[in-house]
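# Chains, contacts and geometry: an overview
Spelled out from the first residue to the last, the chains are:
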Amino acid sequence: MAVPPAARYPLADGFLMGASTSAHQTEGNNISSDLWALENTPDSVLPERSGDAADSFHRWPEDMDLLSELGFNAYRFSIEWARIEPEEGRVSRAAIAHYRAMVLGARERGLEPVITLHHFTSPRWFSRRGGWLAEDSAQRFAAYARTAVEILGGDVRYVATINEPNMVALVHAVRRRASRSGGGAGGVAFDPSTVEPDQQVTEALIRAHRAAARALREADPDYLVGWTVANQVYQPEPGAEEVARAHALSREDVFLHAARGDDWIGVQAYTRHRIGVNGPLPVPDGAEATLTGWEFYPQALGQAVQHTRQVVGPDVPILVTENGIATADDERRIAYTEQALAGLAAALQDGADVRGYLHWSALDNYEWGSYRPTFGLIAVDPHTFARTPKPSAHWLGALARNGYLPTSTAAADGNPSVHTLV
Ligand code: BGC
């Protein structure tokens, strides 16, 4: 059945449509990383270990084949510092060759590689010597970025230095508070949404981002360097405007301000966060919740793009580097994504300079402590690692191939117009 013209927003040539993953969540056996150490300590706070993950360390060619066959033209993945520099100053030639092959493999398949240098995990040695709070963390990170140039070569344009620095600074503060309040293995005895990102870590991350960006641009001025921020879509209840503004400043906006001189900014949005006069409010009664417990709120994407554009300024292009939903019901994934894309189309229509949309995630993967929240367009059998694209993968791939986004849809009432799109 043909789609009525009003239901389509045609994408500009070169618009990136694809999916995202990260190394630790998909590769498996990231044994030199700090998170592997945390997962494998006795009484770890993390209920499940990453283990073999999706075995993408070996199966990346199959992952990329699938993405390209589905119709996508871009793939965001991260390279793993802990594999590239497993001991301080000791670079693994094999790891460099591995990731270089991935970059070339993406290009060969018509996928634009969007590369993240740091996606939550660090080498153990880096964390042991103080992590981001070590005096020379920015220099160490910039040195890693210089090493990564051999992987990127002249074959990568978009490079993200650090994924969700706001979450990194927040997790640091949460862990510190948990260990002070006797949490740790016993769990967190307070509401983490009341914790503020660690100010010193925030400043250190901004320094590290700038140092790495400088190192990359010195190596090749054509690299487009940015970072990707977790957009929380803070919504004030009446009377709570000032509380919400203050809440957003340290948790999100300071990281967006830091992107003002960058080549692009990554928007990552999943849901909204309502703020009342006394702070964060729970998911509204009766609202649909996803497998992460977040409210089903696809309008978050359009709102996050608009907020980012306002704070960073209209001159910094935007890439949506993550957006998706943890659900076992793939029809809900389609419904969510269709509405999210309609919000994106509205932002584009309004003049936002958005260069691409990368869905989280290409694969079901390790959701930082558990395999239960499934975000993937492609299912992965945990024993055989067999990949099976879900209907949502075919649906989104068809949009990519045909070069348009849905605009207003019937999805608001839970009836995605998917069947008219493929
Ligand atoms: C992260 C991903 C994560 C996703 C869903 C983002 O915070 O970058 O690694 O899996 O959200 O929680």
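All of these numbers come straight from a predicted model, not from anything done at the bench.

### Side note on helix 5 (residues 93–108)
A rise of 1.5 Å per residue sets the reference length of helix 5, with its 16 residues, at 22 Å; its end C-alpha atoms lie 22 Å apart and thus fit the reference within 8%. The inward-facing, buried residues of helix 5 contact helix 1 (23–26), helix 3 (56–70), strand 3 (74–78), helix 4 (81–84), strand 4 (112–118) and helix 7 (137–152). Note on helix 5: the residue one or two positions beyond its end, Gly110, has a positive phi of about 75°.

### Considerations on the packing of helix 5 against helix 7
Relative orientation of the contacting elements helix 5 and helix 7 amounts to 50°, with a least axis distance of 8 Å. Relative to helix 7, the element helix 5 is oriented oblique. Contacts from Arg93, Ile96, Tyr99, Arg100 and Val103 of helix 5 reach helix 7 at Thr147, Glu150, Ile151 and Leu152. Classifying every residue of the contact of helix 5 with helix 7 gives five nonpolar, one polar and three charged.

### Notes on the sheet that holds strand 7 (residues 234–236)
Spatial ordering of the open sheet is given by 7-9-10, a layout of three strands whose pairing is mixed. Both edges of this open sheet fall to strand 7 and strand 10 (279–280), since each of them pairs with a single strand only. Taken together, the two bridges between strand 9 (residues 273–276) and strand 10 define a ladder with antiparallel strand orientation. Opposite Gly276, over in strand 10, you have Gly279 as the bridge partner. Packed on one face of the sheet, helix 10 (residues 241–257) meets strand 7, strand 9 and strand 10 and runs near 165° to strand 7.

### Considering the pattern of salt bridges
Within this structure, the stated rule accounts for 23 salt bridges. Among the salt bridges present, the one from Arg107 reaches Glu112, with a minimum N-O distance of 3.1 Å. For Arg107, a relative accessible area of 33% corresponds to the partly exposed category. As a salt-bridge pair, Glu112 and Arg157 come within 3.1 Å of each other at their nearest N and O atoms. Placement of Glu112 in strand 4 and of Arg157 in the loop between helix 7 and strand 5 (158–163) is noted, with a sequence separation of 45 residues between them. Overall, the relative accessible area of 8% leaves Glu112 in the buried class. Using a relative accessible area of 38% as the deciding quantity, one classes Arg157 as partly exposed. Each of Glu88, Arg129, Asp136 and Arg140 takes part in salt bridges that share partners, so that together they form one network.

### Comments concerning the site of the ligand
Taken together, 13 residues form the shell around the ligand, and within it Gln25, His119, Glu164, Glu322 and Glu367 come nearest. In this structure, Glu164 approaches the ligand through a side-chain N or O atom, which is 2.5 Å from an oxygen atom. The separation between an oxygen atom of the ligand and a polar side-chain atom of Trp368 is 3.0 Å. The protein chains hide 93% of the 310 Å² of surface that the ligand would expose on its own.

### Observations concerning the environment of Glu252
Counting through the fold element by element, Glu252 comes out in helix 10. Exposure remark for Glu252: the relative accessible area of 2% places this residue in the buried category. When the C-alpha atoms of Glu252 and Val320 are compared, they prove to be 16 Å apart, with 68 residues separating the residues in sequence. With residues near it in sequence (within four places) discarded, Glu252 still touches Asn166, Val229, Ala230, Asn231, Gln232, Val233, Tyr234 and His307. Here Gln232 takes part through its backbone nitrogen, which lies 2.8 Å from a polar atom of the side chain of Glu252.

### Regarding the sheet that holds strand 11 (residues 318–322)
Strand order in the closed barrel made by the eight strands is 2-3-4-5-6-8-11-12, with parallel pairing throughout. With strand direction ignored, the average angle separating the axes of adjacent strands in the sheet is 25°. When strand 4 meets strand 5, the two strands line up parallel, connected through three bridges. Looking at strand 5, one finds that His118 is bridged to Ile162. Helix 5 contacts strand 3 and strand 4 of the sheet and is inclined by roughly 155° relative to strand 4.

### As for the environment of Pro197
Locating Pro197 in the fold gives a position in the loop between helix 8 (165–180) and helix 9 (199–219). Looking at Pro197, the relative accessible area reads 7%, which means it is buried. The spacing of Pro197 and Pro165 is 32 residues in sequence and 9.6 Å in space, taken between C-alpha atoms. Sequence-distant contacts of Pro197, that is, excluding residues within four places in its chain, are made with Asn166, Ala169, Leu170, Ala173, Thr202, Ser250 and Arg251.

### Some points on the nonpolar core
By size, the foremost hydrophobic cluster in this structure holds 106 residues, and its most contacted members are Trp132, Trp227, Val305 and Leu344. Tallying contributions element by element places helix 9 first for this core, with ten residues. By size, the runner-up hydrophobic cluster in this structure holds eight residues, among which are Tyr158, Ala160, Trp264 and Leu319.

### Some thoughts on unusual backbone geometry
Looking along the chain, the bond that leaves Trp360 and enters Ser361 is cis, with omega of 10°. Here Ser361 lies in the loop between strand 12 (354–360) and strand 13 (378–380).

### Some thoughts on the confidence of the model for the protein chain
The share of residues in the protein chain with pLDDT of 70 or more is 92%, and the mean pLDDT across the chain is 93. Ignoring residues within four places in sequence, the model shows residues 183–187, a span with pLDDT below 50, making five contacts including any to other chains.

What counts as what
Per chain, residues are indexed from 1 in the order of the written sequence. Per-residue local features are limited, in this predicted model, to residues with pLDDT of at least 70; the limit for side-chain atom pairs, both in listing and counting, is 80 or more; totals at the level of whole chains, interfaces and linings are taken over all residues. Hydrogens are left out, water is left out, and the side-chain values use all remaining heavy atoms of the structure. Put simply, DSSP marks the helices as runs of H or I at least four residues long and the strands as runs of E at least two long, and each gets a number from the N terminus on. Every helix has an expected span of 1.5 Å times one less than the residues it contains. Whether two residues are in contact is decided by their heavy atoms: any pair within 4.5 Å suffices. Between N-to-C directions, angles span 0 to 180 degrees; the directions come from axes that are lines fitted to C-alpha atoms, helices contributing only their stretch in contact. In what follows, roughly perpendicular refers to angles from 65 to 115 degrees, roughly parallel to angles under 35, roughly antiparallel to angles over 145, and oblique to any angle outside these ranges. Put simply, Ala, Val, Leu, Ile, Met, Phe, Trp, Tyr, Cys and Pro go in the nonpolar bin, Asp, Glu, Lys and Arg in the charged bin, and everything else, Gly too, in the polar bin. What makes two strands pair is DSSP finding at least two bridges between them. Salt bridges, as used here, are contacts in which a Lys or Arg side-chain nitrogen is within 4 Å of a carboxyl oxygen on Asp or Glu. Think of it in three bands: with a 1.4 Å probe and only protein chains considered, a residue is buried below 20% of the maximum accessible area for its type, exposed above 50%, and partly exposed in between. To be near a molecule or strand, a residue needs just one of its heavy atoms within 4 Å of it. Here a polar contact is recorded for every N or O atom pair within 3.5 Å, except that within protein the pair must consist of a potential hydrogen donor and a potential acceptor, and residues adjacent in sequence are included only if both atoms are side-chain atoms. Residue burial considers only the protein chains on display, and all accessible areas are found by Shrake-Rupley using a 1.4 Å probe. For this analysis, a nonpolar core means a set of buried residues of the types Ala, Val, Leu, Ile, Met, Phe, Trp, Tyr and Cys, connected via side-chain atoms within 4.5 Å. Per-residue confidence from the predictor is given as pLDDT, running between 0 and 100.

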